[in-house]
Amino acid sequence: MRKTLAEHNRVFAATILLFLIALTALWLVFIPQWKPFSGDASLIRLTDGNGHYKGNNSMQVLPDREGMLEYEQVVSPRIAEQFLPADGRAAFGLSASTYWLRMTVVNESETGEWVIRLHNAVVDQFDVYLDGNRLGAEGVSPLGERLNDHYGAYELALPAGKPVTLHMRVTTEGSMIVPVELLDRASYHETLRTEYLLFGVYYGFVLLMAAYMLSMYIFFHNRSYLYYSFYLIFFAASQLIWNGIPQELLGENHPVLQLLLHTFNTLEGVFVFVFILCLWFALFFLVGVLELKRYAPQLLPFAAIVKWASPIVIAGLLFHWPWFVTLAIYYEAAVAAFLLSAICWCVLNGNRTARYLMLGFIAIIGCALPSVLYTFGLMDSNPLTHYGYQFGSFAEFIILAFALSFQARQLQREKEKAQSRMIVHQQELVRTLERWNEELESTVQERTEKLVQSQKERAEMLQSISHDIRAPLTVVQGSLRALMMGIRVGSDDKGQTLEKLYDKVLYMNRFMDDLFQLSRFDESSVELPLESVRVKDWITREFQTSAEDIQMMNHRCEYRIEVEDNRTLRIDLHGIRRLLGNLIHNACKFSPLDSVIILEAKSLPDGISFSVLDQGGGIPPEHLNHIFKRAYRANQADPASGSGLGLAIAKQIVERHSGAITVESRIGEGSRFTFILPADEAGSAAGPGSERSSA
Ligand code: ADP
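Residues numbered from 1 in each chain as written. Predicted model: local features only at pLDDT ≥ 70, side-chain atom pairs only at ≥ 80, totals over all residues. Heavy atoms only, no water.

Enquirer: Account for the packing of helix α12 (residues 324-348) against helix α13 (residues 352-375), with residues named and values stated.
Expert: Two elements in contact, α12 and α13, have axes whose closest approach is 8 Å; the angle formed by their N-to-C orientations is 140°. Put simply, α12 runs oblique to α13. Here the hand of the crossing between α12 and α13 comes out left-handed. Facing Ala336, Leu339, Leu340, Ile343, Cys344, Cys346 and Val347 of α12, the residues of α13 in contact are Ala354, Arg355, Leu357, Met358 and Phe361. Counted by class, the contact of α12 with α13 contains 11 nonpolar, no polar and one charged residues. (Axes fitted to C-alpha atoms, helices over the stretch in contact; angles between N-to-C directions. Helix = DSSP H or I, 4+ residues; strand = E, 2+ residues; numbered from the N terminus. Parallel < 35°, antiparallel > 145°, perpendicular 65-115°, else oblique. Left-handed = near helix turned anticlockwise from the far one by under 90°. Contact = heavy atoms within 4.5 Å. Nonpolar A, V, L, I, M, F, W, Y, C, P; charged D, E, K, R; others polar.)

Structure below.
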């Protein structure tokens, strides 16, 4: 059963809350005052109390779409009046690649040494004009030189008390973000020191993290670690470019930088290229870690599109396809939106790793938001607007590392579970195999014993058969020889001898017939010729005929039929007659002359029972279990009494009708043989009705 979101995510919700509280605290600590656009719109007064000014508050902006305007044209009254106030904003979108900025400053401080700084290193060109001269140009050194700063920066010699108008020309492809700052020399150096310190800590950390992830990949062969380390490396590289560190360290004319600039046209192009690479690896990493296949299969096609759009955008940047720098910026936004929705989706579907990623996202957005607000003039410059990305990504890296280790732990756990399941299955399999083996062994043993037993029985039977045939044959042979030689056999005359010989031949004939019958039953493929009979009519006729036979054998017969008129049976008529005949024959054979033989037929709920009762000597109990075996005679001493096959045949016939045969016997009182034939399923139900007869 799936838990509800609230149950599932209580801890997660609490963590998010904690995060938001921590972020708010961070905001409160670092942002001294919420200060949307303030100050004199047209003038910046530089005083001794403050060494750090945000230029955008008092700046005016003029987009130069073609990038063709010269300083002289910009200061001409016709164009000068087209400047519009920046209202504190630092971001001017993608509508033009060159902008002119203008601001007026009055130096009311003691010091005349100031620095003007553009807080964005990926701007391709940043020129500052003071009193009609471009700073850094030949021959204007008294006014100010370009500084070897990681951002674009110029020193400014500002005369005291006199308003001075500064013009700036900024050129970049893609997004135009131009935060301008004015700092006095001391503040400038202090800012630089703090920046170096923070950058050092930050990039050192990123490098360590990337190396750690790479080693994790080497040990665990989990590709997520590899993607993540590449993501870290490219993210750090993009930040380095954004912060202007390579330009500062290598110098603008370094061959590597020149090559990069040559390849991507502009610094913005280099930055976007590296950033898209970073996004690409982030995509691979996140799609893997989020297990989209399991938690958000609907997003897979989008994931594939954004994943494979990256190389196209990268190619576009490499080959300078028109508009690709701009397009890349939209692509970045699309990827960020996709990742955010994928993370939310997975969190909703119960993916725990996604929760870590969500926290990471909150961290980076929470920390980077001030810089965004700053670029739109909604917040004053402060450490968070300055280092927000670093703080945010720092937190994000740590959280993502947690996410990775959480996932690795989970995978490990799943692996262990699967292994223990496998062990249990294997044990079960071994047990089953052992059981099968035992069963097979016992079956083989049973069958072998049966086979040995049946072979023994067969040998015994053959022995007894040969004995049973040879005995009468010897008599027949001897008597015939005597007759041929005209010798009398005992006191018998010739007629009596012939009669006895006839009896012996009859016996042998019946014996052979019994043997044949039994061998036929052994062939289980022989089908019984079943017929449907109305039991009462049929058994009445059978009992009548049997009664006559019994009388012929000098016995009396009684029969009882307690079977309803409508009961039917499906039987092999000939077989059942033979079976009854065998039982009656035995009853007569083993009872004194003139004793009563009783025949019974009774309805049972699920069949009909037939019994033959005699008043003979009975069967000793030790023989009762054996008399249905082939060639078994209770009275072994008297082989002439019969073949020992009659009851075996009777049993076979009953069993082939799916019935059962039993015997009850008491020494000196008589025996009762009963066989039950199951009811014909189509036959009607039992009811009252009986008939008695005697002969
Ligand atoms: P047989 O041809 O010897 O009668 P049967 O298979 O019919 O062979 O009987 C097996 C043995 O069971 C007989 O030899 C006899 O000892 C015993 N037997 C069968 N029916 C009776 C009976 N009604 N009374 C006493 N003994 C019987």
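Enquirer: Break down the nonpolar core for me, with residues and values.
Expert: Residues Tyr228, Tyr231, Leu290, Leu292, Phe338 and Phe397 are the most contacted members of the largest nonpolar core, which totals 80 residues. The leading source of residues in this core is helix α9 (residues 267-289), at 20 residues. Not counting chain neighbours up to four residues away, the residues in contact with leucine 290 comprise Tyr295, Ala342, Ile343, Cys346, Asn351, Ala354 and Leu357. If you look at the next biggest cluster of nonpolar residues, it comprises 54 residues, including Val476, Met508, Val535 and Leu599. (Core = buried A, V, L, I, M, F, W, Y, C linked by side-chain atoms within 4.5 Å. Buried < 20%, exposed > 50% of the residue type's maximum accessible area, 1.4 Å probe, protein only.)

Enquirer: Go over the site of the ligand with me, naming the residues and quoting the values.
Expert: Surveying the vicinity of the ligand reveals 20 residues, the closest of which are Asn586, Asp614, Ala634, Ser643 and Leu647. Here lysine 589 contributes a side-chain N or O atom positioned 3.0 Å from an oxygen atom of the ligand. Between the ligand and leucine 647, the relevant distance is 2.8 Å, taken from an oxygen atom to a main-chain nitrogen or oxygen of the residue. In isolation the ligand exposes 520 Å². Once the protein is present, 96% of that is buried. Only α17 (573-589), α19 (646-656) and β18 (670-678) provide two or more residues apiece to the shell around the ligand. For the shell around the ligand, the leading source of residues is α17, giving three residues. Tallied by class, the residues present in the shell around the ligand amount to nine nonpolar, eight polar and three charged. (Near = heavy atom within 4 Å. Polar contact = N/O pair within 3.5 Å; in protein donor to acceptor, adjacent residues only side chain to side chain. Areas by Shrake-Rupley, 256 points an atom, 1.4 Å probe, with all protein chains shown as cover.)

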